[in-house]
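# Results of the structural survey
Okay, here's what each chain looks like letter by letter:
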Amino acid sequence: PLAATQSATPDGLAASTITLNFTLGTRAVRLCNIGTQTVFVRTREAGDATAATALNGIPLPAGQTEIFTIGNDVTNLSVFTSAAGSTVYSTIGEGI
């Protein structure tokens, strides 16, 4: 890992934000959904306040882990669920 693992626990009512504490070039982010709900994830650049929804986010099924490559301009992730029951953990790294 290149930075400390961050987490968010969306409550099913509003999206939560994970701030990415590393901004040096293109990198990988490992997302792990610990819980019972599918979580929708949206990457955001500085100044972008668009919250994740089921229509604009990438689904991360319950109990699954995915690795995405994100650009240097991505500063945070918005995560949304339709009901409480999941925590998303985000770890920045250099890939698989």
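Preceding block: the structure.
The text that follows walks through the structure, step by step, so that each part is easy to find. (Residues numbered from 1 in each chain as written. Predicted model: local features only at pLDDT ≥ 70, side-chain atom pairs only at ≥ 80, totals over all residues. Heavy atoms only, no water.)

Scanning the chain for helices and strands turns up zero helices and eight strands. Starting at the N terminus and ending at the C terminus, the chain contains elements arranged as β-β-β-β-β-β-β-β. With the C-alpha coordinates of the chain rotated into their principal frame, the extents come out at 35 × 25 × 20 Å. Among the 96 residues that make up the chain, the fraction classed as buried is 36%. Put simply, 80% of the contacts in the chain that link residues at least 6 apart link residues at least 24 apart. Here the chain carries 4 positive and 6 negative side-chain charges, and the mean point of each set is 2 Å from the other. (Helix = DSSP H or I, 4+ residues; strand = E, 2+ residues; numbered from the N terminus. Buried < 20%, exposed > 50% of the residue type's maximum accessible area, 1.4 Å probe, protein only. Contact = heavy atoms within 4.5 Å. Lys, Arg positive; Asp, Glu negative; His and termini not counted. Charge placed at Lys NZ, Arg CZ, Asp CG, Glu CD.)

On the secondary structure map, N76 appears in strand β7 (residues 74-80). Among the polar contacts listed, one links the side chain of N76 to the side chain of R44, at a separation of 2.7 Å. Within polar-contact distance, the side chain of N76 engages the side chain of T75 at 3.2 Å. Sequence-distant contacts of N76, defined by excluding residues within four places in its chain, comprise T17, I18, T19, L20, R42, T43 and R44. (Polar contact = N/O pair within 3.5 Å; in protein donor to acceptor, adjacent residues only side chain to side chain.)

This part is about the sheet that holds strand β8 (residues 86-93). Strand order in the open sheet made by the four strands is β1-β8-β3-β6, with antiparallel pairing throughout. Of all strands in the sheet, those with a lone pairing partner are β1 (6-8) and β6 (65-70), marking the two edges. Averaged over neighbouring strand pairs, the angle between their axes works out to 25° when direction is ignored. By the bridge criterion, eight bridges tie strand β3 (residues 27-35) to β8 in an arrangement that is antiparallel. Within β8, the residue paired with I34 across the bridge is T87. (Pairing = 2+ DSSP bridges. Axes fitted to C-alpha atoms, helices over the stretch in contact; angles between N-to-C directions.)

Right, let's get into the environment of G25. Mapped onto the elements of the fold, G25 is located in the loop between β2 (16-19) and β3. On the basis of relative accessible area, G25 is assigned to the partly exposed category, the value being 29%. Sequence separation of G25 and I70 is 45 residues, and the distance between their C-alpha atoms is 8.9 Å.

Quick look at the nonpolar core now. Judged by nonpolar contacts, the single largest core of 14 residues is most densely connected at I18, L20, V29, L31, L77 and V79. Of all the secondary-structure elements, those providing two or more residues to this core are β3, β4 (39-45), β7 and β8. With three residues, the single largest contributor to this core is β7. (Core = buried A, V, L, I, M, F, W, Y, C linked by side-chain atoms within 4.5 Å.)

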